[in-house]
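What the coordinates show
Next come the chains, spelled out residue by residue.
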Amino acid sequence: MKQEDMPSMTPPKPIDDDLFTWMVGEWEGKTEGTMGKTKDWQKIEWSLDKQWVTVNYTGKFESMSPEQMKMMKENMKMTDDDIKKMMDMPYKGIGQFTLDPETGEFMGYWFDNWRGVYKGTGKREGNKSTVSWEGPRGTSLRTMERVSDDKMVETFKDTDTASGMVMEGKSEWTRKKSKEK
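All of the points below concern the structure found in this document.

Cut-offs applied
- Residues numbered from 1 in each chain as written.
- Predicted model: local features only at pLDDT ≥ 70, side-chain atom pairs only at ≥ 80, totals over all residues.
- Heavy atoms only, no water.
- 1 Å grid on protein atoms, 1.4 Å probe; cavity = no way out; pocket = protein on both sides within 12 Å on 5 of 7 lines; lining within 4 Å.
- Points joined across faces, edges and corners; volume = space filled by probe spheres on them.
- Nonpolar A, V, L, I, M, F, W, Y, C, P; charged D, E, K, R; others polar.
- Buried < 20%, exposed > 50% of the residue type's maximum accessible area, 1.4 Å probe, protein only.
- Helix = DSSP H or I, 4+ residues; strand = E, 2+ residues; numbered from the N terminus.
- Arc of directions from axis to C-beta.
- Pairing = 2+ DSSP bridges.
- Axes fitted to C-alpha atoms, helices over the stretch in contact; angles between N-to-C directions.
- Phe/Tyr/Trp six-rings, centres within 6.5 Å; stacked < 30°, edge-to-face > 60°.
- Lys NZ or Arg CZ within 6 Å of the ring centre and 35° of its normal.
- Salt bridge = Lys/Arg side-chain N within 4 Å of Asp/Glu carboxyl O.

Size it by volume and the second largest pocket reaches roughly 230 Å³. Together, Ser8, Thr10, Pro12, Lys13, Ile15, Gln51, Trp52, Thr98, Leu99, Pro101, Glu102 and Met107 line the second largest pocket. Among the residues making up the lining of the second largest pocket, the classes are represented as 6 nonpolar, 4 polar and 2 charged.

The structure is reproduced here in structure tokens:
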């Protein structure tokens, strides 16, 4: 490779993106989807010299209908005990998101307490980002939209690799206001 064809080794400038900047904060929300209803929380912070944002997420099942339980049993080969354990155990995940310094497109990594490891790539259009995630348990297409300064809406369509089951849903988030003393 010729010297002039080599990429620059200069570190990228910190991320200066209004959607990433807006995401930073603490959020509370609810999700309703194929598998039931959850209550959710996430904290999003700048990390690594403002080259990434780190997302810490927790979701806890609030309800699952008898029809949803039946679907889980049939499609995912879960027992009643498996479903109860899943509903009692909070789902937790940590994500690292950034913008590709060459293309400006979204890229990220997600790790969860089911030992899931996912890689995401996507694009931003206005106040929305659409990201495709891939990992050993399946794929997910997620769209996050800034609705207002304190409202975020996410839609998702997940496909489980083992069963082929498609799960769709919507999360609505509200920025948690800090209490001033």
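The next point concerns helix α2 (residues 66-76). Turning to α2, its buried residues number three or more, namely Gln68, Met71 and Met72. The buried side chains of α2 occupy one side of the element, clustering within an arc of 100° when seen end-on. More than 90 degrees from the buried face of α2, the exposed residues found are Pro66, Glu67 and Lys70. One or two positions beyond α2, positive phi appears at Lys77, with a value near 55°.

A separate point is the sheet that holds strand β3 (residues 52-63). Spatial strand order, β1-β2-β3-β4-β5-β6-β7-β8-β9-β10: 10 strands in a closed barrel with antiparallel pairing. Averaged over all neighbouring strand pairs, the angle between strand axes comes to 25°, with direction disregarded. The sheet contact formed by strand β5 (residues 106-112) and strand β6 (residues 117-125) spans 6 bridges and is antiparallel. When the bridges of β6 are listed, Tyr109 appears paired with Lys119.

Let us now look at the packing of aromatic side chains. One pass over the structure, following the stated rule, counts 11 aromatic pairs. Relative to Tyr109, the ring of Trp52 lies with its centre 6.3 Å away and its plane at 45°, an arrangement referred to as tilted. Of the two residues, Trp52 is situated in strand β3 and Tyr109 in strand β5; the sequence distance between them amounts to 57 residues. Among the residues examined, Tyr109 registers a relative accessible area of 29% and is labelled partly exposed. Among the aromatic residues, those joined into a cluster by ring pairs are Phe20, Tyr57, Tyr91, Phe97, Phe106, Trp110, Trp114, Trp133 and Trp173. Sitting above the plane of the Trp46 ring, Lys50 keeps its charged end 4.9 Å from the centroid.

On to the pattern of salt bridges, then. Pairing of side chains with opposite charge becomes possible as their charged atoms draw close. Under the defined criterion, the tally for this structure stands at 14 salt bridges. In this structure, Glu62 engages Lys30 in a salt bridge whose closest nitrogen and oxygen atoms are separated by 3.2 Å. With Glu62 in strand β3 and Lys30 in strand β1 (residues 25-33), the pair connects residues that are 32 residues apart, well separated along the chain. Using a relative accessible area of 43% as the deciding quantity, one classes Glu62 as partly exposed. Residues Asp88 and Lys84 are paired through a salt bridge, measuring 2.7 Å at the closest nitrogen-oxygen approach. Residue Asp88 and its partner Lys84 are located together in helix α3 (residues 80-88), separated by 4 residues, close to a single helical turn.

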